[in-house]
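Each chain, written out:
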Amino acid sequence: MPFTRRQVIAGLAGLGVAGLGAGGVRYWLGRSSGPGHDYQLIAAPLDVELVAGHATPAWAYGGQVPGLELRCRQGERLRVRLINQLSEPTTIHWHGIRLPIEMDGVPYVSQLPVLPGEYFDYSFVVQDAGTFWYHPHLSSSEQLGRGLVGPLIVEEREPAGFLHERTLALKTWAVDEQGAFSAFSVPREAARGGTPGRLSTVNGEHAARIELPAGQVVRLRLINLDSTVTYRLNLPGAEARIYALDGQPVTPRQLGKDYWLGPGMRLDLALKVPAAGIELALRNGPLRLATLVSQASVEPVADWPPALPANPLAEPDLAVAETLRFNFEWAAALSENLDQGAAYKLWQINGQAWDIADKTCADRPIARLQLGRHYIFELRNMTQYQHPIHLHGMAFKVLDSDRKTIIPYFTDTYLLGKNERARIALVADNPGIWMFHCHVIDHMETGLMAAIEVA
Ligand code: C2O
Ligand code: CU
Ligand code: CU
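Residues numbered from 1 in each chain as written. Chains lettered and ligands numbered in written order. Predicted model: local features only at pLDDT ≥ 70, side-chain atom pairs only at ≥ 80, totals over all residues. Heavy atoms only, no water.

1. Describing the side chain of Ser 141
Turning to step 1, where the next piece is worked out: With respect to the element layout, Ser 141 can be found in helix α1 (residues 140-145).
Turning to step 2, where the next piece is worked out: If we skip the residues at most four places from it in the chain, Ser 141 touches Phe 184, Ser 185, Ile 441, Asp 442 and Glu 445. (Helix = DSSP H or I, 4+ residues; strand = E, 2+ residues; numbered from the N terminus. Contact = heavy atoms within 4.5 Å.)

2. Observations regarding the nonpolar core
Turning to step 1, where the next piece is worked out: In terms of nonpolar packing, the biggest core is built from 96 residues, with Trp 94, Leu 267, Phe 326, Leu 369 and Phe 377 touching the most fellow members.
Turning to step 2, where the next piece is worked out: With residues near it in sequence (within four places) discarded, Leu 267 still touches Leu 220, Arg 221, Leu 222, Leu 233, Ile 242, Ala 244, Leu 245, Leu 255, Tyr 259 and Leu 261.
Turning to step 3, where the next piece is worked out: In terms of nonpolar packing, the next biggest core, distinct from the first, is built from 17 residues, Ala 169, Ile 441, Met 444 and Ala 451 among them. (Core = buried A, V, L, I, M, F, W, Y, C linked by side-chain atoms within 4.5 Å. Buried < 20%, exposed > 50% of the residue type's maximum accessible area, 1.4 Å probe, protein only.)

3. So, the sheet that holds strand β5 (residues 93-95)
Turning to step 1, where the next piece is worked out: Spatially, β3-β8-β7-β5 is the arrangement adopted by the four strands of the open sheet, whose pairing is mixed. Of all strands in the sheet, those with a lone pairing partner are β3 (70-73) and β5, marking the two edges. Along the sheet, successive strands turn relative to each other by an average axial angle of 25°, direction set aside.
Turning to step 2, where the next piece is worked out: Bridging between β3 and strand β8 (residues 150-155) involves four bridges; their strand directions are parallel. Within β8, the position partnered with Cys 72 by the bridge is Val 154. (Pairing = 2+ DSSP bridges. Axes fitted to C-alpha atoms, helices over the stretch in contact; angles between N-to-C directions.)

4. Some points on the coordination of the copper ion (ligand 3)
Turning to step 1, where the next piece is worked out: Of the protein atoms, only His 387 (ND1), Cys 438 (SG) and His 443 (ND1) coordinate the copper ion (ligand 3), at distances of 1.9 to 2.1 Å.
Turning to step 2, where the next piece is worked out: In the primary sequence, the donor residues of the copper ion (ligand 3) line up as H-x50-C-x4-H. In this pair, His 387 sits in strand β24 (residues 387-391) while His 443 sits in helix α4 (residues 441-444), placing the two residues 56 residues apart along the sequence.
Turning to step 3, where the next piece is worked out: Take His 387: its relative accessible area is 0%, and that puts it in the buried class.
Turning to step 4, where the next piece is worked out: Classification of His 443 as buried rests on a relative accessible area of 0%. (Donors = N, O, S within 2.8 Å, 3.2 Å for Na, K, Ca; no water.)

Have a look at this one:
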């Protein structure tokens, strides 16, 4: 269980890291946010014991993997000082948070990389309550792969009806039996479903046992902070209801057979904890991820809380919306690419592959949206692999799909199945250059990313 700690260090003037980019590169310099911060988050190497008796040379936020759980309240300002004690540049991106572009953590687009020994003050007002997370947006295979991933919990303005909650952060590590890291991204795998790890963990522990109070309704905040794996979540025999998808509240409904939680996605469940002594298996398909253990509790048996209050999201008006099409394709040319050594281009969006080595890609946005206008995106997956499609800066509403029945809902990541077509809609209400990408990290790093401009 990650502990939470709010370090308030008053009186330290925060100076944003300033600098000049290479000629012609467009970015906004993240600005200093004034004195003080709520968290001081150090990114640094840390040996952790994922495999019993063996050390894994992880990289950690706040001395733990997954990283320190950050918390704040809806409507408040969150101020985090990132201190880089790694041997390479990094940034933090706040996944699912609608914030000003200067705080979005994308190198050369929203800020300069934070160099080793430097710090950067992130500061933004959090508009939506819910379950979110944070991670770097630089050397992502390695940085996320080594453990730079952490939960960000935004509490509702008024306490929601849950007296108990647990964060369950899911990650499957690319380590061998001795705890040594294996490759985070292998071209042959990147060209398919992505490079998977092999050691599943919940809150950094394989086969974790998580104690819950008997008879209580507990909010489980499940976060997939893995780079590749889509977890097919199920809880056999449990009384569980879905309260939020990817941070955004939905009308409570039964947890079905398998909920497919793709990389980057979140699921808030209410679980009625059974009588003391009973154990439940949290599973990925048939595989046990963790055991939920019911512990005797003196509190009276609780009932299902009301639905969570909706977040203040702009409702897209489909009658006036303009439709834009996005085709997700496999870029073929695999044999040539695999020998190049440099950045592979295996995937593309509308015929364009993002080049992670080219700092100017964001100067050529794949779409330009007009501030305040309404849009429908037609997403078309022309590949044999699924892609969790994620947009920065704005939430979008999933409308429909040719593969499954959708109850329209807001999210920041939609798991687009093999050969699926789906429609999403949004109001372009946040100016900036926003990344639009697959959250399978090695898909993203081999082409499946684009920039969308809102101005
Ligand atoms: Cu978790 Cu670019 O995002
Ligand atoms: Cu994001
Ligand atoms: Cu993908």
